[in-house]
Amino acid sequence: MSNFIIRKVAVLGAGVMGAQIAAHCANADVPVVLFDLAATDGKPNAIVDKALAGLKKLDPAPLATKERLGFIDAANYGSDLEQLRDCDLIIEAIAEKMEWKLDLYAKVAPFLRADAVFASNTSGLSINRLAEGMPEGLRSRFCGIHFFNPPRYMPLVELIATRDTDAAMLDALEGWLTTRLGKGIVRAKDTPNFVANRIGVFSILAVMHHTARLGLGFDEVDTLTGPRIGRPKSATYRTADVVGLDTLAHVIGTMQATLADDPWHAYFKQPEWLQALIAKGALGQKTRAGIFRKEGKQILVLDVAQQNYRPSAGEIAPEVADILKNRDPAARFAQLRASEHPQAQFLWSIFRDVFHYCAVHLGAIADNARDLDLAMRWGFGWAQGPFETWQAAGWQDIAQAIQADIETGRTMSDTPLPAWVFERSGVHEAQASWSAAEGSLKARSTLGVYGRQLYPEQVLGEAPKTRGETLWENEGVRLWTRPDQDARIGILSFTSKNHTIGNEVLDGVIEAIARAERDLDGLVIWHEAPFAVGANLMQVAEACKAGQFDLLERTVAKFQQASMTIKHAHVPVVAAVQGMALGGGCEFLMHAAHRVLALESYVGLVEAGVGLIPAGGGCKEFALQAHQLGRKAAGGDVFLYIQQSFQTIAMANVAKSALETVELGFARPSDDIVFNANELLYVAIRRARALFEAGYRPPLVQRAVTVAGRNGIATCEMMLVNMAQGGFISEYDYRVARAAATALCGGEVETNARVSETWILDVERAQFVDLLKNEKTQQRIAHMLETGKPLRN
């Protein structure tokens, strides 16, 4: 197949999902036309305009930066369908009503190019039935493309073919969705609710059933079904509120209407309390009341018995909490099943019934067990898929326990487990996973796009990927290569907890770069998220307590040396960043020759939160940026470019995406932004190779940097006075921010004085150590270590 290029996307339907899908395409540098009905009053595009305005208010933000909104054009079906001729991909995302969708397809079909891809974002309607509404000549370019909410953050996209979908087109679309939009693809069969919603909604129904059966409270159940069992913090009932109780009811209704032959069909119904909430308009988060409701700072929960709300106070019984602390999955499940406590019985029952349901339906809804497990991870945020959980707990022991409960009438259905369950020791093996439909093991997809994922997300039981070839390591870092990718590009990975930067990491960075300069062509700093959460505060706190400020100053000097070693290495050093890169982690990436950033990178100089300033070269790098920009500006005023940097440091602002990272000056417009974090290392290795082949030369250490000096510091202080008078900052916040201003402006020197990079580093270090000696900074550090939260003192 020729190159698959999507130059422009149209999204039909400006509802919650449609608008956010459009936003994510815009994030990925794809222009979008967002359609909806023409408004009956006022501007024709008023419906879409309102949806676009709403994108700026949503949390979490669907837009990687607000300026991305400018790449989405508003349109309506009444007058703008001609614009579809310019679109390579059209995604329909209107309400889940078959007749509405088919009517729209008839309306837009005459305006679609023969080579365009048309896809429905339906969450569960039959794709083959929808395809019948397309002209025969367009059916080969039609498929299902089901995003999960919120589309920017949830990795899962279910891709569903029809009987007529062109296989090569679908493969190409999978590659585009994977790399360009950063998605995890599961090929789903054309069955109601596909894979993730089929299992996820059944899981919710099982929770509802056993909640009522055992007389538990909704708040109690949410305490049980959250992180303690590897599920999101929103657990079950809070998730229902977030999704919308009307939406949940609709999905349940789809299962009830379309799955009459399902052995669990009797449970595909809305509980009376859910119907009552919907009837009075309490739909969850969007109406500010549902299963939960907030009054002031208090969270209330619906009490079904009292038909009213009460304070939410769900707790786990101590004996059940002790069971959940057991790290051995087999022992944990055995204890839950044996316990007579209602909470333990509840947990065993919901796991058992989901295992049972998945085993019975695997062959009908998914290609293999790996796809089902990844769908639940990526679409519902489960730490493990149901088959992984079952296999970890002892496959045959759990199978026998389920069978025993079936025989004694304890399960939600008396359908026997499939024969293959008793013939296997699990569904995931080193190289493949079980396909119930084919009665054999299925390996991962061999599509070329997956060659870019050197360390894809794996399921329990899969063979671990190669650790590469270790060249050198110490207690804080490992220097290694992937000879199958490029034997002369080194990979430097931090091995400290949360990749904090202590002495062992600093020593490791300096030594690794020396070795790279001697033996390699380039170096990539890469490891799993987070990139680095900053300095090792425990080491800092212990040294402060012991009064070892000379030692701390030497450590800061070593930190600066490590940053400068990264920047001035005689081989290109590429920072491959995903997740949090805070404090010293941010400073390291600022000094790299090049950055490859995952879209979901959260980057910032947050030292002010613990009463400090950046001293690993962060202030110095911003001063250098101001110098370089000031030289090009009329009058050469560097302070114009210090102002944003000062606010960023003083307020400890954190970029909420890779695009914001560039906007805030932590990265450059020429850096690479990768939407699929699993491709980060692949891209970074090739970027380092390209820099080397282009004859990479490190920058010179600057000797004449124009700085803002005393006038710059004074101007920053004027901003601080206003903030202090408005009650936005404390007296000590003022003190810390002034130290940042001093470092950014090159110290107490004349305005537009010229100083060296080394001078600015000395100013940074002096201000940092002076703050460390202050009791209030020490209190902030201690509070952060104890609570994980900043202290305002």
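You'll find the structure just up there.
None of these values were measured; they are calculated from a predicted model.

*Asks:* Honestly, the overall build of the chain in this entry has me stumped. Any pointers?
*Replies:* Tallying secondary structure elements over the chain gives 30 helices and 23 strands in all. Relative to the globule expectation of 28 Å for 793 residues, the C-alpha radius of gyration of the chain, 29 Å, shows essentially globular dimensions. Within the span of the chain, comprising 793 residues, buried residues form 56% of the whole. For the chain, restricting intrachain contacts to residue pairs at least 6 apart in sequence, the fraction spanning at least 24 positions comes to 71%. Here the chain has roughly 32,800 Å² of accessible surface; of this, 51% comes from carbon and sulfur atoms. Mean positive and mean negative side-chain charge positions of the chain (81 and 90 charges, respectively) differ by 3 Å.

*Asks:* Just to check I follow, could you spell out helix H20 (residues 537-545) for this structure?
*Replies:* An α-helical segment advances 3.6 residues per turn. Residues three or four places apart therefore align on the same side. If you check which residues of H20 are buried, you get Val540, Ala543 and Cys544. Across the axial projection of H20, the buried residues extend over an arc of 100 degrees, all falling on one side. On its buried side, H20 packs onto helix H21 (549-567), helix H29 (757-772) and helix H30 (775-787). With a side-chain oxygen lying 3.2 Å from the backbone nitrogen of Met538, the N-terminal cap of H20 falls on Asn536. Backbone geometry just after H20 places Gly547 at a positive phi near 70 degrees.

*Asks:* Looking at this model, I keep getting lost on the packing of H20 against H30. Mind explaining?
*Replies:* Any two packed helices are characterised by how steeply their axes cross, that is the angle between the axes, and by the distance between the axes. Put simply, H20 and H30 touch, their axes get as near as 10 Å, and they point 135 degrees apart. Our classification of the angle between H20 and H30 gives oblique. For the pair H20 and H30, the sense of crossing is left-handed. Of the residues in H30, those in contact with Leu537, Met538, Val540, Ala541 and Cys544 of H20 are Gln778, Ile781, Met784 and Leu785.

*Asks:* Is there a simple way to explain the pattern of salt bridges in this structure?
*Replies:* Under the criterion given, the structure shown has 51 salt bridges. Notably, a salt bridge pairs Lys558 with Asp507, separated by 2.9 Å at the nearest N-O pair. Separated by 51 residues along the polypeptide, Lys558 in helix H21 and Asp507 in helix H19 (residues 503-519) bring together distant segments of the chain. When the shortest N-O distance is used, the salt bridge between Asp762 and Arg765 registers 3.0 Å.

*Asks:* Sorry, what's going on with the packing of aromatic side chains here?
*Replies:* Here the distance between the centres and the angle between the planes together describe a pair of aromatic rings. For the coordinates displayed, the defined rule picks out 28 aromatic pairs. Residues Phe202 and Tyr357 carry aromatic rings whose centres are separated by 4.0 Å and whose planes lie at 5 degrees to one another, so their mutual orientation is stacked. Of this pair, Phe202 sits in helix H6 (residues 196-214) while Tyr357 sits in helix H13 (residues 342-365); the two residues are 155 residues apart in sequence, bridging distant segments of the chain. Among the residues examined, Phe202 registers a relative accessible area of 1% and is labelled buried. For Tyr357, a relative accessible area of 0% puts it in the buried group. Geometrically, the ring pair formed by Trp420 and Trp434 is tilted, given 5.9 Å between the ring centres and 35 degrees between the ring planes. With a gap of 14 residues between them, Trp420 in helix H17 (residues 419-423) and Trp434 in strand S12 (residues 433-435) connect regions that are remote in the sequence. Each member of the pair, Trp420 together with Trp434, is buried. Aromatic rings pair up to connect Phe333, Trp348, Phe351, Phe355, Phe387, Trp390, Trp395, Trp420 and Trp434 into one cluster.

*Asks:* Looking at this structure, I do not really get empty space enclosed by the protein. What am I missing?
*Replies:* Where empty space is left can be seen by rolling a probe of water-molecule size over the atoms. For the structure on display, the rule yields two cavities of 30 Å³ or more. Taken as a whole, the largest cavity holds about 40 Å³ of empty space. Taken together, Ile90, Leu112, Arg113, Ala116, Val117, Phe118, Met134, Leu138 and Arg141 make up the lining of the largest cavity. Broken down by class, the residue content of the lining of the largest cavity amounts to seven nonpolar, no polar and two charged. Considering only enclosed or pocket space, the second largest cavity measures out at about 30 Å³ in volume. Lining the second largest cavity are Glu96, Ser123, Gly124, Leu125, Asn193, His250, Val251 and Thr254. Per-class residue counts for the lining of the second largest cavity are two nonpolar, five polar and one charged.

*Asks:* Would you explain the packing of helix H23 (residues 618-632) against helix H24 (residues 639-650) in this entry?
*Replies:* H24 packs onto H23 with a crossing angle of 160 degrees between their chain directions and a minimal axis gap of 8 Å. Considering their axes alone, H23 and H24 lie roughly antiparallel with respect to each other. Considering only the axes of H23 and H24, their crossing is right-handed. Across from Cys619, Phe622, Ala623, Ala626, Leu629 and Gly630 in H23, the residues of H24 making contact are Tyr641, Ile642, Ser645 and Ile649.

*Asks:* What should I look at first to understand the side chain of Arg765 in this one?
*Replies:* Among the structural elements, Arg765 can be located in helix H29. Taking relative accessible area as the criterion, Arg765 reaches 16% and is therefore assigned buried. Within the structure, Arg765 has its side chain in polar contact with the side chain of Gln560 (distance 2.7 Å).

*Asks:* What is the right way to look at the sheet that holds strand S11 (residues 308-311) in this model?
*Replies:* Backbone-to-backbone hydrogen bonds pair the strands of a sheet. The strands run either parallel or antiparallel. Spatial ordering of the open sheet is given by S9-S10-S11, a layout of three strands whose pairing is antiparallel. For this open sheet the edge positions go to strand S9 (292-295) and S11, each flanked by a neighbour on one side alone. On average, each strand axis in the sheet is inclined to that of its neighbour by 40 degrees, with strand direction left out of account. As paired strands, strand S10 (residues 298-303) and S11 are joined by four bridges and run antiparallel to one another.

*Asks:* I tried to follow the sheet that holds strand S5 (residues 117-120) on my own but got confused; where do I start?
*Replies:* On the basis of which strands lie adjacent, the open sheet formed by eight strands has the order S3-S2-S1-S4-S5-S6-S7-S8 and mixed pairing. For this open sheet the edge positions go to strand S3 (72-76) and strand S8 (184-188), each flanked by a neighbour on one side alone. For this sheet, the mean angle separating the axes of adjacent strands, direction not counted, is 25 degrees. Sheet strands in contact with helix H2 (residues 46-55) are strand S2 (32-36) and S3, and its direction is about 150 degrees off that of S3.

*Asks:* What is the right way to read the pairing of S2 from this model?
*Replies:* Working note: regular strand, side chains alternate between the two faces of the sheet. Burial of S2 is extensive: five of the five residues sit out of reach of the surface. Burial along S2 is two-sided: Val32, Leu34 and Asp36 facing one way and Val33 and Phe35 facing the other are all buried. Sheet topology places strand S1 (residues 9-12) next to S2; four bridges connect them, and they run parallel. Residue pairing for S2: Ala10 is matched across the bridge by Val33. Relative to S3, S2 runs parallel, the two sharing five bridges. Bridge assignment links Leu34 to a residue of S3, and that residue is Ala74.

Cut-offs applied
Residues numbered from 1 in each chain as written. Predicted model: local features only at pLDDT ≥ 70, side-chain atom pairs only at ≥ 80, totals over all residues. Heavy atoms only, no water. Helix = DSSP H or I, 4+ residues; strand = E, 2+ residues; numbered from the N terminus. Rg over C-alpha atoms; globule rule 2.2 N^0.38 Å. Buried < 20%, exposed > 50% of the residue type's maximum accessible area, 1.4 Å probe, protein only. Contact = heavy atoms within 4.5 Å. Areas by Shrake-Rupley, 256 points an atom, 1.4 Å probe, with all protein chains shown as cover. Lys, Arg positive; Asp, Glu negative; His and termini not counted. Charge placed at Lys NZ, Arg CZ, Asp CG, Glu CD. Arc of directions from axis to C-beta. Polar contact = N/O pair within 3.5 Å; in protein donor to acceptor, adjacent residues only side chain to side chain. Axes fitted to C-alpha atoms, helices over the stretch in contact; angles between N-to-C directions. Parallel < 35°, antiparallel > 145°, perpendicular 65-115°, else oblique. Left-handed = near helix turned anticlockwise from the far one by under 90°. Salt bridge = Lys/Arg side-chain N within 4 Å of Asp/Glu carboxyl O. Phe/Tyr/Trp six-rings, centres within 6.5 Å; stacked < 30°, edge-to-face > 60°. 1 Å grid on protein atoms, 1.4 Å probe; cavity = no way out; pocket = protein on both sides within 12 Å on 5 of 7 lines; lining within 4 Å. Points joined across faces, edges and corners; volume = space filled by probe spheres on them. Nonpolar A, V, L, I, M, F, W, Y, C, P; charged D, E, K, R; others polar. Pairing = 2+ DSSP bridges.

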